[in-house]
Amino acid sequence: METPTSIPPLQSRKNNLKTAIYIIATLVLFVFALDLMVSSLQHIGKSAAETIIQATSNPFTALFIGLLITAMIQSSSTTTAMVVALVASNSITIQSAIPIMMGANVGTTITSTIVSLGFINKKKEFRRAAAAGTYDGIFNILIIIILFPLEYYYGFLSGLSQWIATYFFHPNSTPVTNAFSQKWYMFGPVVKWLVEAIPNGFLLAALSFILLFTSILVFRKLISGLLLASSPERFSRFFFKNAWKSFFWGTVTTAAIRSSTITISVVVPIVAQRIVSLRKAAPFILGANIGTTITAFIAAFFNANTTGAISIAISHFLFNLIGVLVFYPIPILRRVPLELASRLGKLTLKYRLTVFVYILIIFFFIPFSLIYLNKDSVEVVEAAYEKRDAASEVVSTYSIATKFQTWNKTGQMLVYNTPDEEPSLIFQMYRKNNILFLNNEMYMFNAPGFCWDGESDNKKYRMCVERVLPSAEFHAIAFDSVYLYSQKFYNDPDSAYANIYVSKFYPVVLRRELHVRGTLTETEEITSFSKK
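Numbers given for residues are sequential positions, taken from 1 along each chain in its written order. For this predicted model, a pLDDT threshold of at least 70 governs which residues receive local features, and a threshold of 80 or more governs which side-chain atom pairs are given and counted, while totals over whole chains, interfaces and linings are taken from all residues. By convention in this description, side-chain values take in all heavy atoms of the structure and omit both hydrogens and water.

Caption draft 1: Looking closely at the overall build of the protein chain. Each helix is a run of H or I in the DSSP string that is no shorter than four residues. Each strand is a run of E no shorter than two, and both are numbered from the N terminus. Looking only at helices and strands, the protein chain features 18 helices and 13 strands. Accessible surface, the protein chain as shown: approximately 25300 Å² in total, 63% of it carbon and sulfur. Every accessible area reported is derived by Shrake-Rupley at a probe size of 1.4 Å, with residue values counting cover from the shown protein chains alone.

Caption draft 2: Representation of the nonpolar core. For our purposes a nonpolar core is just a set of buried Ala, Val, Leu, Ile, Met, Phe, Trp, Tyr and Cys residues, chained together by side-chain atoms within 4.5 Å. Categorising residues by exposure relies on relative accessible area from a 1.4 Å probe, with only protein chains included: less than 20% of the type maximum marks a residue as buried, more than 50% marks it as exposed, and the intermediate range marks it as partly exposed. By size, the foremost hydrophobic cluster in this structure holds 79 residues, and its most contacted members are Met102, Tyr135, Leu157, Leu278, Ile312, Phe319 and Phe363. Contacts were defined at the residue level, with two residues in contact if any of their heavy atoms lie within 4.5 Å. Aside from chain neighbours lying at most four places away, what touches Leu278 is Ala131, Ala132, Tyr135, Val271, Leu338, Ala341 and Ser342. Judged by nonpolar contacts, the second largest core, of 38 residues, contains Ala383, Ile400, Ala472 and Ala498.

Caption draft 3: Looking closely at the side chain of Thr109. Positionally, Thr109 belongs in the loop between α5 (94–107) and α6 (110–116). On the accessibility criterion, Thr109 (2% relative accessible area) is buried. Whenever a nitrogen or oxygen atom comes within 3.5 Å of another N or O atom, the pair is scored as a polar contact, on the condition that within protein one atom can donate a hydrogen and the other can accept it, and that pairs from neighbouring residues in sequence are kept only if both atoms are in side chains. At 2.5 Å, the side chain of Thr109 forms a polar contact with the backbone oxygen of Val106. Non-local contacts of Thr109, meaning those with residues more than four positions away in its chain, are made with Gly133, Asp136, Gly137, Asn140 and Phe363.

Caption draft 4: Focus on the packing of aromatic side chains. Aromatic rings from Phe, Tyr and Trp, taking only the six-membered ring of Trp, are treated as a pair when their centres fall within 6.5 Å; an angle between ring planes under 30 degrees marks them as stacked, one over 60 as edge-to-face, and anything in between as tilted. Taken as a whole and assessed by the stated rule, the structure comprises 22 aromatic pairs. Taken together, a centroid distance of 5.4 Å and an interplanar angle of 55° make the contact between Tyr443 and Tyr485 tilted. With Tyr443 in strand β7 (residues 441–444) and Tyr485 in strand β10 (residues 477–489), this residue pair connects regions lying 42 residues apart in the sequence. By relative accessible area, Tyr443 is classed as buried at 0%. Take Tyr485: its relative accessible area is 0%, and that puts it in the buried class. Judged by centre distance (6.5 Å) and plane angle (80°), the rings of Tyr461 and Phe489 are edge-to-face.

Caption draft 5: Region of interest: the pattern of salt bridges. The working definition used for a salt bridge is a side-chain nitrogen of Lys or Arg within 4 Å of a carboxyl oxygen of Asp or Glu. Going through the model one piece at a time under the given rule, you end up with seven salt bridges. Across the pair Glu339 and Arg343 runs a salt bridge whose closest N-O atoms are separated by 3.0 Å. Remark: Arg343 and Glu339 occur in helix α17 (residues 331–350); sequence separation between them is four residues, near one turn of the helix. Its relative accessible area of 37% is what places Glu339 among the partly exposed residues. Its relative accessible area of 53% is what places Arg343 among the exposed residues. One salt bridge in this structure joins Arg462 and Asp453, with 3.2 Å as the shortest N-O distance. Look at Arg462 and you get partly exposed, because its relative accessible area is 34%. You can call Asp453 partly exposed: its relative accessible area is 46%.

Caption draft 6: Fine view of a nonpolar patch on the surface. Patch criteria: residues need more than 30% relative accessible area and no salt bridge. Like-charged residues are merged within 9 Å; nonpolar side chains of Val, Leu, Ile, Met, Phe, Trp and Tyr are merged within 5 Å. Taken together, the side chains of Ile145, Ile146, Leu150, Tyr153, Tyr154 and Phe156 make up a nonpolar region of the molecular surface, amounting to roughly 670 Å² of accessible area. Take the nonpolar patch: its biggest share by element is five residues, from helix α7 (residues 123–154). With respect to the element layout, Ile146 can be found in helix α7. Given the relative accessible area of 36%, Ile146 is considered partly exposed.

Caption draft 7: The pairing of strand β5 (residues 425–432), seen in detail. Each pair of strands is called paired provided DSSP finds at least two bridges between the two strands. Across six bridges, the pairing between strand β4 (residues 410–416) and β5 is antiparallel. Considered in β5, the bridge of Val415 is made with Leu425. The sheet contact formed by β5 and strand β6 (residues 435–438) spans four bridges and is antiparallel. In the sheet register, Met429 faces β6, and the bridge partner there is Leu438. Between the antiparallel neighbours β5 and β6 lie two residues, among them Asn433 with a positive phi of about 55°.

Caption draft 8: Focus on the state of the cysteines. Here, a disulfide means two cysteine sulfur atoms that sit within 2.5 Å of each other. With the rule as written, the count across this model stands at one disulfide. Through a disulfide, Cys451 is tied to Cys464; the S-S separation comes to 2.0 Å. Torsion about the S-S bond of the Cys451 and Cys464 cystine: about 115°, corresponding to right-handed handedness. Here Cys451 is found in strand β8 (residues 451–456), whereas its partner Cys464 is found in strand β9 (residues 459–474), with 13 residues between them in sequence. Since its relative accessible area comes to 13%, Cys464 is described here as buried.

Caption draft 9: Broad picture of helix α16 (residues 307–327). To estimate how far a helix should reach, multiply one less than its number of residues by 1.5 Å. Across its 21 residues, α16 extends 30 Å between first and last C-alpha, which sits within 8% of the 30 Å expected from 1.5 Å per residue. Counting buried residues in α16 gives 17 out of 21 residues, a clear majority hidden from the surface.

Caption draft 10: Highlighting the side chain of Thr348. When you line up the elements, Thr348 lands in helix α17. Polar side-chain contacts of Thr348 include one of 2.3 Å to the backbone oxygen of Gly345. When residues no more than four places from it in sequence are discounted, the contact partners of Thr348 are Phe126, Arg127, Ala130, Thr354 and Val355.

Caption draft 11: The arrangement of the environment of Met102 in detail. Among the secondary structure elements, Met102 is positioned in helix α5. In sequence terms Met102 and Gly66 are 36 residues apart; their C-alpha atoms lie 7.1 Å from each other. Not counting residues up to four positions away in its chain, the partners in contact with Met102 are Leu63, Ile144, Leu147, Phe148, Glu151, Leu157 and Phe319.

Caption draft 12: Region of interest: the packing of helix α12 (residues 243–257) against helix α14 (residues 278–291). Where α12 contacts α14, the axes come no closer than 7 Å and their chain directions differ by 35°. Of the two possible hands of crossing, α12 and α14 adopt the one that is right-handed. Residue-level contacts link Ala243, Ser246, Phe247, Trp249, Gly250, Thr251, Thr253, Thr254 and Ala255 of α12 to Lys280, Ala281, Pro283, Phe284, Leu286, Gly287, Ala288, Ile290 and Gly291 of α14. Each residue gets one label: Ala, Val, Leu, Ile, Met, Phe, Trp, Tyr, Cys and Pro are nonpolar, Asp, Glu, Lys and Arg are charged, and the others, such as Gly, are polar. Residues of the contact of α12 with α14, tallied by class, amount to 10 nonpolar, seven polar and one charged. Between the N-to-C directions of two axes lies an angle of 0 to 180 degrees, each axis being a line fitted to C-alpha atoms and, for a helix, fitted only over the stretch in contact. Crossing handedness is read from the near helix: turned anticlockwise from the far helix by less than a right angle, it gives a left-handed crossing, and turned clockwise, a right-handed one.

Caption draft 13: Highlighting α17. With 20 residues, α17 extends 29 Å between its outermost C-alpha atoms, agreeing within 8% with the 28 Å of an ideal straight helix rising 1.5 Å per residue. We define the bend at any residue as the angle between the axes fitted to the seven residues before and including it, ending there, and the seven starting there. Along α17, the helix axis deviates most sharply at Pro337, where the bend reaches about 25°. Every buried residue of α17 is listed here: Pro337, Leu338, Ala341, Leu344, Gly345 and Thr348.

Caption draft 14: Just unusual backbone geometry, in detail. The backbone of Glu393 shows a phi angle near 60°, a positive value even though the residue is not glycine. Here Glu393 shows up in the loop between β2 (378–389) and β3 (395–405). Although it is not a glycine, His475 sits at a positive phi angle of roughly 55°. Locating His475 in the fold gives a position in the loop between β9 and β10. For His475, a relative accessible area of 43% translates into the label partly exposed.

Purely geometric numbers; function is a separate question.
See the structure below:
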């Protein structure tokens, strides 16, 4: 009997070198695709920008978008990379992005659930496979039940992640404009050429998505072969020796592959065939949830100059980390997802369609129900302005569209210099109690005489409440409760100041007057107003 010949060392080194080159190439493709996506999202048209913000302004809709997209492409890595690109381009706020990320965590679990259906013709194996396949989904749903209300009402994740990003990384938090720059110069000329050659933002976004998804798919295939090459028994002995080792390898292998879909799906048949129990496999699955956050950090690294990109990566990590800290260290809580998954698995002994019902309820019925019940949670305000130079009498116009969530008064304002074109400026706005933050300026609705310091566009100023008007008209448009502020700049306190009229009930500036040496030099005033 002939013994199989071993691969020559030289051939082995060539294969390893070839694999390394392929891996580096896919990483380069990933970075390029992400860079192109950020640029394309900054160049989409007015209607597309408004559609994105309108869809994600409702947190329940955003949750469903993340869940559905991830379930369709079966890759949370692609979804989270897209979310980072959206936040980096200021197409959506961090508050709108977090529900998408939460939904992606649940959506990616559909793959392991589908893998469990491969054992449907074997009762006992199907019971164990169903429990293993749904454990991660149940675990993520439990985390959402805890963290989604905290984010919804108090901005827990967004606030904490933004504080961490600002405190430790000191990124730039200024509003985004259409002028963009690539972090990596090597991609700058290529991306610029593509933007000029393909002016359609939709086509650029579609191209970047295809390249992004392809890079992640190829990367997964290159490395997952190393994981699948070992026998199940060897895999079990190596990865599930104890809880800490299981958690460690779940984190490391998933971070390397950048796909919890593969690592968790590999666990399902191992549990189904009783090579390892679900209790021993659970730490590995939890580690995989931590490891999959590496993609968001990679994407954020290449957009490290923006607060939002870093914040959404941190929030993704915090979401999974908090879930592990809540449900694993405490024995009674550790048993909750295990017991729920095991009971669902036992139901399959009587009703084979249990897993199908689970998929329909979790991925369709509940999300659509939540969207319907919260369909009126977004308010849209549109306004047009006229800007006049007093000396030259030159008049220019622009318009804004502000969309904000009625429950926490957070949203975004899009500024358009020309109708039916992409926004020239996008920035976040939010209202907290009697304070309105608008375009990096803070307006406080206090009694006349109240003053505070602020900074906008690197200019420090002193803002004071001069008067509170019960009502006022601007271009025949009446507003109730109008606050008049005086703004004096510290670097030029005597010669330049501004009077600003702001509505208490709507996030809009009604009129701005700039005075230089006692002379009115420039005015901006609202000319039309509507809300939806």
